[in-house]
Amino acid sequence: MTFQEQYENTLTVEAETPSERIPASYFGGSFYKRLEDCVGQIPTVLCGGSVKIGEALTLSHSPLDCRLLLYTQEGAGTLLLEGQRHPLQVGSLLYLDRRELSFSLLSDLLPWRFITFSLVGGLFPVYESLISFDHFLLVQIRRHSSIPRNLKQLLSGEAGDELADKLRDAGLITAIVTELFAETCASQTTEKTQKKCAPYLRELRHYIDNHLERPLKLEDLEKHCHMSKYRICHEFSAAFGLPPIRYLNKKRLEAAENLLLSTEKRIHEIALETGFDNTNHFIHLFKREYGSTPQAYREAHHK
């Protein structure tokens, strides 16, 4: 039995109002040609594509030997799993081990548009063993994450059966899943760290993560926290590995890197958007961190 036949046999589509029947295969996207030497070895796409749901539907899935990725781009849905409802909002990425689970996807805010892939490979159980993992992850992707860009690149590839196609897919899948699990690992580590560090440190880190474009001065922190900047830097470094300003610049550079590779914005525009009001200073910091100027970095990765 082909994977497409297995997929269709494990999916039941229910509509609230009678309409023209949508084939089950529609919700899987394109079904990729298999290269048997790769399946089970490197991360491999079994099927995937961009799906748009314009009516109230319930997609009931029974177990299938694969992992599922689902990234919501527009609208919203709900994951119904073991009696629990989990919202699938714009910018959320669902990673689900389908091998032993039955679950349902409900379309809520229409149209619901998402990118989805069914995957196999030896990478996944290894990553799942490294964190606290119980069947699925649901993560709200950060504004400057490279995951949406890599998903779109994976989406744009052809479902060919050449080794080069499979290796390209494997690289993109690895990048996506690695970032997803790294985010989850950092989040779980942060939860443990937060029990040990002062509340003001948690608040400061959250503020930095969500306001990269805003200026940050240690003198302002002194006034706000009513303690010396030296103590703030020492305690922030002990909790998060870097003092506040260096942590901020690291996050800004990561955001700038993603904009360089995912947009055609000019260097000075990227600098301003990520909080650098001096383009030369941005270029200097970027070169020190990545080994080349922003423009050279962009050109090297667009070849």
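On to helix H7 (residues 229-240). When the terminal C-alpha atoms of H7 are compared, their 16 Å separation across 12 residues agrees well with the 16 Å that a helix rising 1.5 Å per residue should span. Considered for burial, the residues of H7 that qualify are Ile232, Cys233, Phe236, Ala239 and Phe240. Viewed end-on, H7 has its buried residues packed into an arc of 140 degrees, placing them on one side of the element. Of the exposed residues in H7, those oriented more than 90 degrees away from the buried face are Tyr230, His234 and Ala238. At the C-terminal side of H7, Gly241 shows a positive phi close to 90 degrees.

This part is about the confidence of the model for the protein. Per-residue pLDDT for the protein has a mean of 90; in total, 95% of the residues score no lower than 70. Per-element averaging of pLDDT across the protein places helix H4 (residues 163-194) at the bottom with 85 and strand E7 (residues 92-97) at the top with 97.

Now for unusual backbone geometry. Note that the residue after Leu110, namely Pro111, is joined by a cis bond; omega there is -5 degrees. With respect to the helices, strands and loops of the structure, Pro111 is situated in strand E8 (residues 103-120). Even without a glycine there, the phi angle at Glu82 is positive, about 50 degrees. For Glu82, the location among the structural elements is in the loop between strand E5 (67-81) and strand E6 (84-88). For His226, which is not glycine, the phi dihedral falls at a positive 60 degrees. If you trace the backbone, His226 turns up in the loop between helix H6 (218-225) and H7.

Here we take up the pairing of E5. On a regular strand, one side chain projects to one face of the sheet and the next to the other, so that they alternate. Across the 15 residues that make up E5, a large majority, 12, are buried. Bridge count between E5 and E7: 5 bridges; the pairing is antiparallel. When the bridges of E7 are listed, Leu69 appears paired with Tyr95. Bridge analysis of E5 against E8 gives 13 bridges, and the strand direction is antiparallel. By the bridge assignment, Thr72 is partnered in E8 with Phe114. In terms of strand pairing, E5 meets E6 through 5 bridges, oriented antiparallel.

Criteria and cut-off values
Residues numbered from 1 in each chain as written. Predicted model: local features only at pLDDT ≥ 70, side-chain atom pairs only at ≥ 80, totals over all residues. Heavy atoms only, no water. Helix = DSSP H or I, 4+ residues; strand = E, 2+ residues; numbered from the N terminus. Expected span 1.5 Å × (residues − 1). Buried < 20%, exposed > 50% of the residue type's maximum accessible area, 1.4 Å probe, protein only. Arc of directions from axis to C-beta. pLDDT = per-residue confidence, 0-100. Pairing = 2+ DSSP bridges.

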